[in-house]
Amino acid sequence: MKHNLSILILTFTLVATVTSVNHAQTNEDELVQVTSEGTSKASSQVEAAREIQSKALSGTAREQVIEMIGEKRYAKNKALVENRIVRESTKFIPFVQPGDAIRLPDGSWKMKLELKVSLGSLRKMVIDTGLLTDADTPVTVLPMIGFTDRTKSTSYRWWMGDSTDDSRKSLVEWAKIVQLGLHKELMQQGFHLQLPLEGTLSNAIPPVFRVDRASSQDLKLLGEYLGVSMALRGDVRVKDSKEAVGGWQIQVRLEVVPVQGGRTVAEISRTFETDTGPSDVVVRKKLENEIDEMSKDLSLQVLEAWTRGTLAATTVRLAVKGSLTPKQLVEFRSQLARSMKDIKALRERMFEPGRVIFEVDYAASPEDFREQLKTLELPGFTEKLVVDAELGEADGVNLPYTIEVRPKAL
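Residues numbered from 1 in each chain as written. Predicted model: local features only at pLDDT ≥ 70, side-chain atom pairs only at ≥ 80, totals over all residues. Heavy atoms only, no water.

Asks: Lay out the overall build of the protein chain with the relevant residues and their values.
Replies: In terms of regular secondary structure, the protein chain is built from 9 helices and 19 strands. The buried share among the 410 residues of the protein chain stands at 46%. Restricting to contacts in the protein chain with at least 6 residues of sequence separation, those with at least 24 account for 65%. Carbon together with sulfur atoms contributes 49% to the accessible area of the protein chain, which is approximately 21,100 Å² in total. (Helix = DSSP H or I, 4+ residues; strand = E, 2+ residues; numbered from the N terminus. Buried < 20%, exposed > 50% of the residue type's maximum accessible area, 1.4 Å probe, protein only. Contact = heavy atoms within 4.5 Å. Areas by Shrake-Rupley, 256 points an atom, 1.4 Å probe, with all protein chains shown as cover.)

The following block contains the structure:
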């Protein structure tokens, strides 16, 4: 499904920032470094420093929660967020480095602080409060995984309705191991993987969807029909080992895609060598030993996409025109993301003379994106929206909206 895309044409100048965010990845957690600056009208330097630090902690905590769950869910659960998370900000902001409180001419105080936010700790608190499962629709995952034994030229796909065939008995057992392992790990992260082998789900699949590999459009229609949010598709293939006579090689490739977007948000690829022995025995044993690690890897990727709001995001393109320095380009990204909170990711995809093409993950519809562009305000700029500009085809995509941004007069 193609969406109308939007283009932003800009002439840019440098604007100073108040808050900047840099990401650092540790082995066990992701820390976000935040620079914040605040003011206070307290009478003493000590009181002012205390007040500014308190506001910086609560403000940073609130902003990070909104980034994780979205503004709409925050507004719906504001009291819960403020009482259970913002008030406990020190549990996920382990480091605060205050600067010196400086007296201003009007008698107030100004102070800058450096904070580090533990996204892992915050994510756990958000999960524990149930905010990730408070969605408009259940977060249900439909497994569409094919199993193939190339040595016997047999395959099994539950949606084809062939689980009663004796020649596929081993394949069905392998499918149970994989599905149960994925179900267990996804449940721990707040998602529900349907188990088709435990019911009659295959009977509910319309004949038109009984194909080896469903297309993105098929998944969209099937998701609407079954009421699922995501599909977990891929293949598990078994063939003769190249390393040991009598052994087997298992190839696993899985990906998770939202049924409405069709964009991969999580994926794994693994190749295993089994011991020698009958395939139905040694392949089953190998899958049992490896499924927990594979499932955990995949489920954590899904959780990461969910907490950043990219599962339900629409992908649009944004063209930024102007001779921008690298520093100005970074500043543009920061200002745009702060002005449009539903932007969940912003990636440079193409650099051309005088123009940069961005790919944007936007947690709302393309129509909403265009409406936001109409009222976009970037500090230091005057914006003008050109409606129904006849841009025709650009990069193979229709781009009907243009915004021209010029620096405000000093």
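Picking up after the structure, the text goes on.
Asks: Account for the pairing of strand 15 (residues 355–362), naming residues and giving values.
Replies: With 7 of 8 residues buried, strand 15 is to be regarded as a mostly interior element. The pairing of strand 14 (residues 343–352) with strand 15 spans 8 bridges and is classified as antiparallel. By the bridge assignment, Arg-347 is partnered in strand 15 with Glu-359. (Pairing = 2+ DSSP bridges.)

Asks: Go over helix 4 (residues 119–128) with me, naming the residues and quoting the values.
Replies: Listed as buried for helix 4 are Leu-119, Leu-122, Arg-123, Met-125 and Val-126. Down the axis of helix 4, the buried set is contained in an arc of 160°. They therefore lie on one face. What points out from helix 4, more than 90 degrees from its buried face, is the exposed set Lys-124 and Asp-128. Positive phi shows up at Gly-130, right after helix 4, with a value of about 80°. (Arc of directions from axis to C-beta.)

Asks: For helix 1 (residues 45–69), give the residues involved together with the corresponding values.
Replies: The end-to-end C-alpha separation of helix 1 is 36 Å, in line with the 36 Å expected for 25 residues at 1.5 Å each. Buried residues of helix 1: Ala-48, Ile-52, Ala-56, Leu-57, Thr-60, Ala-61, Gln-64, Val-65, Ile-66, Met-68 and Ile-69, and no others. One or two residues past the end of helix 1 sits Gly-70, with phi positive at roughly 90°. (Expected span 1.5 Å × (residues − 1).)

Asks: Explain the side chain of Thr-60 residue by residue, including any values.
Replies: Within the secondary structure, Thr-60 is located in helix 1. Contact partners of Thr-60, with chain neighbours within four places excluded, come to Val-34, Ile-93, Leu-115 and Val-117.

Asks: So what about unusual backbone geometry? Which residues, and what values?
Replies: For residues other than glycine, phi is negative in most cases, and the peptide bonds are mostly trans. Of note in the backbone geometry, Ser-153 takes a positive phi value of approximately 55° without being a glycine. Inspection of the secondary structure assignment puts Ser-153 in the loop between strand 7 (140–149) and strand 8 (154–156).

Asks: Tell me about the pattern of salt bridges, residues and numbers included.
Replies: One pass over the full model with this rule turns up 12 salt bridges. The closest approach of N and O atoms between Lys-176 and Glu-173, which form a salt bridge, is 3.8 Å. With a gap of 3 residues between them, Lys-176 and Glu-173 both fall in helix 5 (residues 169–188), about one helical turn apart. For Arg-270, the salt bridge identified is with Glu-293, shortest N-O distance 3.2 Å. Remark: Glu-293 occurs in helix 7 (residues 279–307) and Arg-270 occurs in strand 12 (residues 266–273); sequence separation between them is 23 residues. Each of Arg-157, Asp-235 and Arg-237 takes part in a single network of salt bridges with overlapping partners. (Salt bridge = Lys/Arg side-chain N within 4 Å of Asp/Glu carboxyl O.)

Asks: Would you mind going over the side chain of Glu-255 in detail, with residue names and values included?
Replies: Position of Glu-255 relative to the elements: it lies in strand 11 (residues 248–258). On the basis of relative accessibility, which here comes to 14%, the residue Glu-255 falls in the buried class. Looking at Glu-255, its side chain comes within polar contact range of the side chain of Arg-233, at 2.7 Å. A distance of 2.7 Å separates polar atoms of two side chains, one belonging to Glu-255 and the other to Thr-264. Excluding residues within four positions of it along the chain, Glu-255 makes contact with Arg-213, Ala-231, Leu-232, Arg-233, Thr-264, Ala-266 and Glu-267. (Polar contact = N/O pair within 3.5 Å; in protein donor to acceptor, adjacent residues only side chain to side chain.)

Asks: How would you summarise the packing of helix 1 against helix 4 if you had to cite specific residues and measurements?
Replies: At a closest axis distance of 11 Å, the pairing of helix 1 and helix 4 adopts a crossing angle of 65°. Here helix 1 lies roughly perpendicular to helix 4, going by the angle between them. Like other packed secondary-structure pairs, helix 1 and helix 4 cross with a definite hand, here right-handed. Contacts between helix 1 and helix 4 involve Gln-64, Val-65, Met-68 and Ile-69 from the former and Leu-119, Leu-122, Arg-123 and Val-126 from the latter. (Axes fitted to C-alpha atoms, helices over the stretch in contact; angles between N-to-C directions. Parallel < 35°, antiparallel > 145°, perpendicular 65-115°, else oblique. Left-handed = near helix turned anticlockwise from the far one by under 90°.)

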